[in-house]
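Letter by letter, the chains look like this.
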Amino acid sequence: MATPKTSTKTGKKTAAAAVEAPRAATSGRKLFEYAPAPESRAAAGEIAGSYGHYINGEFVESTGKETLTTVDPSTEQALAEIAQGTAKDVDRAVAAAREAFTSWSALPGAERGKYLFRIARIIQERSRELAVLESIDNGKPIRETRDFDLPMVAAHFFYYAGWADKLEFAGYGPNPRPVGVAAQVIPWNFPLMMLAWKIAPALATGNTVVLKPAETTPLTALRFAEICRQAGLPRGVVNIVTGDGRTGAALTGHPGVDKVAFTGSTDVGRAIARTLAGSRTKLSLELGGKAANIVFDDAPIDQAVEGIVNGIFFNQGHVCCAGSRLLVQESVHDEVMDALRRRMATLRIGDPLDKNTDVGAINSAAQLARIRELTDAGEAEGAERWSPACELPTTGYWFAPTVFTGVSATHRIAREEIFGPVLSVLTFRTPEEAVAKANNTPYGLSAGVWTEKGSRILWMASRLKAGVVWSNTFNKFDPTSPFGGYKESGYGREGGRHGLEAYLNV
Amino acid sequence: MPPNPPAAAVAGLAEAASSEATLRRFLHGLPGIDAVGLESRAASLGTRSIKTSAKAYAIDLAISMIDLTTLEGADTPGKVRSLCAKAMRPDPSDSSAPSTAAICVYPDMVATARTALNGSRVQVAAVATAFPSGRAGLPVKLADTAEAVAAGADEIDMVIDRGAFLSGRYLEVFEMIQAVKAACRRPDGSSAHLKVIFETGELQTYDNVRRASWLAMLAGADFIKTSTGKVAVNATPPVTLVLLEAVRDFREATGVQVGVKPAGGIRTTKDAMKYLVMVNETLGDDWLSPDWFRFGASSLLNDLLMQRQKLTTGRYSGPDYVTVD
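Every chain is numbered on its own, with residues counted from 1 as its sequence reads. Lettering of chains starts at A and numbering of ligands starts at 1, both following the order in which they are written. Whole-chain, interface and lining totals are the exception, using all residues; otherwise, since this is a predicted model, local features are given only for residues with pLDDT of at least 70 and side-chain atom pairs are given and counted only at 80 or more.

1. Thoughts on the overall build of chain B
Heads up, the condition is: Helix numbering and strand numbering both begin at the N terminus, where a helix is a DSSP run of H or I of at least 4 residues and a strand a DSSP run of E of at least 2. The atom set for the radius of gyration is the C-alpha atoms, and the globule formula is 2.2 Å times the number of residues raised to the power 0.38. The exposure scheme places C-beta atoms from the backbone and then counts, for each residue, the other C-beta atoms within 10 Å of its own, assigning buried at 20 or more, exposed at 12 or fewer, and partly exposed in between.
Counting its regular elements, chain B contains 14 helices and eight strands. Taking 20 Å as the expected radius of gyration for a compact globule of 325 residues, we find that chain B reaches 19 Å, a close match to that expectation. Taken along the three principal axes of its C-alpha coordinates, chain B extends 60 × 45 × 35 Å. Buried positions account for 55% of the 325 residues belonging to chain B.

What follows is the structure in structure tokens.
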């Protein structure tokens, strides 16, 4: 059963606590209750009261007065004031990147690779600090930042470090050239991982960057700036400007940038594409999704249930490729739903810093409101709503894992991206129907297929219009594997050899 | 398409074992297991952080679930008596440490163990049926079993014929389990508990392990057990997870609850915690007792005792503060 932990204090283990244990077993609660196992908040290192930007190798004050507050979404406590980047700040950052580009792009690939390898190693060395900081700023469980985000971040830098001196073998002709200055705007769901996906390939190919982290999760990007200094990265190669969408618009619309990479909502992506239409600026977009996770009646049911849970409750469902539409074959619908409900009842929701927490806090009040709006619409439109019994903490932004059954394709919860821990269940009868329903969405980022029949996996994969098709697994990532979407999920690929193309003049 | 398992199980259970063909169809109709997914689930449950009061509870629970085992050619009555003393009072310096669930010996040591354990709640388990290979004729296996029961064994740990299972002679395995179950009956009408060992390291695939689990449960096993401890690969978390899912689904289909015993290779408190977390999150309270979950282990006990001492005294003691057996 979900056991929220509101205390974040590091309880020192005492013998007294230990001897009380057998009594706890008879008090009518579950026999085996996990005691709080909090990671230390102090491990995040010092969080300053306020931050400026990181431009040309220095932490600098903003030219504007306006600040934003980043909060711990699990407690709503303010963590730090961050600068709202102005057009002037963006100018300075782009100018610094432009100046650095000449010498950075002229470095031999092997030399650029050395810096990236060094950054990757420092990330590994400081991974606990970064994981805790990420959990605090984002609300995601420490189990995920520790076991998923940080290893992936380091792996991405290692992977692209390896490409830096091998670009002529990447299939883009001899001596492929960098694009120039890249403007990169990243979302709040995987702050440091999205930073890695953007910065590592850009630097490996010889570009310089100006990156804007999301306004609700800027802290790990600012900490990454320290790592760039620690690695001795030349000035101006990486610049970080904080702020909200206005700063993002100033950056992506800046005439001095050669390349824009954006990950975020489809609406903003569309606005950026409009701004850049007709210009020479290269653009890659990684936008929303409404992935179908398709379970056939011959699926490995226990593992499929794990895949469904991982697909939609991983990172509170704040995942663009989340398996938010479950398409289950009618003949196994009841069996799969029973197993799914039983499994959901064991999810542990609460303090993101508790090492046993499975589902953390929703990142912001605005996102929570959006999730509530869509789930209310789901109920109003007649879908049946279910959540396991769980007590949510009283402060902070929380939403219980939720599943809707009896969803029809016309419901909003079957069409719009919710970006929260909410699963919509639809059924199908034949493989053809599964493909038709899965593709019936404006998005096309990812899909999952669960069946023990190998030929059907291949048959489905060739018909699903999605950038990634997982079979008998979900939400698996690897730096060597390209990631990106069809249709309104964007264009361009990140990761793998394909990820180099976005940053090369080819 | 394979049938929908629990529903098919209810409908098909009665006839499942009526012929080689029906049994085969039933076992091969169980949902498949994706090895990668199973292993990653077991690994992720292994990352639970069990601290302070939870750890204290789990250590005592684990001690009370141990089948303290000696299965050596060199076993003597003296060795068995000393093990029995340890099972009854594992920590001589602390009488609050619970006794183990059972001691597990070869059939010829049952009488010795029975006498040594007299008056305690510790059960006597005997391995039988030509343990560990199971390579003997049925009459020999039944005699082995009957002798152990007559000598006072409370529980019989039998091995299945892996050769028969792997060559697809499921009905033969099924009937052998039934015959051994019958041999567990005592003259007074009561029965020794039957644990059925699959030797999962020899069955190799998780699909085989799931089929063996259902086969044994259909044949009347009280417990299903992973391994003998005598081959290279013994209990592992993923294999045990398959057994746990099988007893969960079997109870859902039939209402009959069956116990689970991983054995071999579980040596540390940390290992034991991982298994208990798996039981807790797969089956819950109903299986969190020595009646329904056991560890087949020998060296595990001392590590649990050292961790227990650390929790109560606040410092590590060391191997000289627990007994050598």
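2. Some details on the overall build of chain A
Helices and strands together make up the secondary structure of chain A, namely 17 helices and 18 strands. Its C-alpha radius of gyration of 23 Å places chain A within 12% of the 23 Å reference for a compact globule of 506 residues. C-alpha extents for chain A along the principal axes are approximately 65 × 60 × 40 Å. For chain A, the residues scored as buried account for 57% of the 506 residues in total.

3. Some details on the nonpolar core
The test is simple: The term nonpolar core refers to a group of buried residues, namely Ala, Val, Leu, Ile, Met, Phe, Trp, Tyr and Cys, whose C-beta atoms join them within 7 Å. In this description, any two residues whose backbone-derived C-beta atoms lie within 7 Å of each other are considered to be in contact.
One finds B:A62 and B:I103 to be the most contacted residues of the largest nonpolar core, which totals 113 residues. Contacts of B:I103, omitting those with residues within four sequence positions, involve B:L68, B:L83, B:C84, B:A87, B:A113, B:V122, B:V124 and B:A125. Residues A:W104, A:L150, A:L211 and A:I272 belong to the second largest nonpolar core, which totals 87 residues.

4. Observations concerning the sheet that holds strand β5 (residues 77–83) of chain A
Residues and elements named next belong to chain A. Operational definition: A pair of strands is considered paired only if DSSP assigns at least 2 bridges between the two.
Spatially, β1-β5-β4 is the arrangement adopted by the three strands of the open sheet, whose pairing is mixed. This sheet does not close on itself; its edge strands, each paired only once, are β1 (50–51) and β4 (67–72). Alignment of β1 against β5, held across two bridges, turns out to be parallel. For Y51, the partnering residue across the bridge sits in β5 and is I82.

5. Structural notes on the packing of helix α7 (residues 138–150) of chain B against helix α9 (residues 170–183) of chain B
All names here are of chain B. The condition that has to hold: For helices, the axis comes from a line fit to the C-alpha atoms of the stretch in contact; other axes are also lines fit to C-alpha atoms, and the angle between any two N-to-C directions lies between 0 and 180 degrees. Roughly parallel here means an angle under 35 degrees, roughly antiparallel means over 145, roughly perpendicular means 65 to 115, and every remaining angle is called oblique. Crossings are assigned a handedness: left-handed for a near helix turned anticlockwise from the far helix by less than a right angle, right-handed for a clockwise turn. For this classification, Asp, Glu, Lys and Arg are treated as charged, while Ala, Val, Leu, Ile, Met, Phe, Trp, Tyr, Cys and Pro are nonpolar and the rest, including Gly, are polar.
The interhelical angle for the contact between α7 and α9, taken along N-to-C directions, is 30°, at an axis separation of 9 Å. The angle between α7 and α9 falls in the class roughly parallel. When the axes of α7 and α9 are compared, the crossing they make is right-handed. Residues L138, K141, L142, T145, A146 and V149 of α7 touch α9, and the partners they reach there are M176, A179, V180 and A183. Split by residue class, the contact of α7 with α9 holds eight nonpolar, one polar and one charged.

6. A few points about the packing of helix α6 (residues 142–163) of chain A against helix α7 (residues 191–204) of chain A
Residues and elements named next belong to chain A. As a packed pair, α6 and α7 sit with axes 9 Å apart at the nearest point and diverge in direction by 5°. In terms of orientation, α6 lies roughly parallel with respect to α7. Taken together, the residues of α7 that come into contact with α6 (itself represented by D149, M152, V153, H156, F157, Y160, A161 and W163) are L192, M193, A196, W197, A200, P201 and A204. Here the contact of α6 with α7 is built from residues that sort into 13 nonpolar, one polar and one charged.

7. Considerations on the domain arrangement of chain A
By convention, interface size is frequently given as the accessible area that disappears when the constituent parts associate. All names here are of chain A. The line we're drawing: Here the limits of each domain have been adopted from an automatic or database domain assignment.
Segmenting chain A into domains produces domain 1 (43–287 + 488–501) and domain 2 (292–479). Relative to domain 2, the C-alpha centre of domain 1 lies at a distance of 29 Å. Of the residues lining the interface, 24 residues belong to domain 1; the matching set on domain 2 comes to 27 residues. For the side of domain 1 that touches domain 2, the elements supplying multiple residues, two or more each, are α5 (127–138) and α6. Ranked by residue count, the leading element in the side of domain 1 that touches domain 2 is α6, at seven residues. In the side of domain 1 that touches domain 2, the residues fall into eight nonpolar, 10 polar and six charged.

8. Remarks on unusual backbone geometry
The step from B:F131 to B:P132 runs through a cis peptide bond, and the omega angle for that step is -5°. With respect to the helices and strands, B:P132 occurs in the loop between β3 (123–128) and α7. You will see that A:N56, though not glycine, has its phi angle at about 55°, which is positive. By C-beta crowding, A:N56 is classed as partly exposed, having 18 other C-beta atoms within 10 Å. In the Ramachandran plot, B:A130 falls in the positive-phi region, its phi being about 60° despite a non-glycine side chain. Note that B:A130 resides in the loop between β3 and α7. Overall, B:A130 belongs to the partly exposed group, with 16 C-beta atoms counted inside 10 Å.

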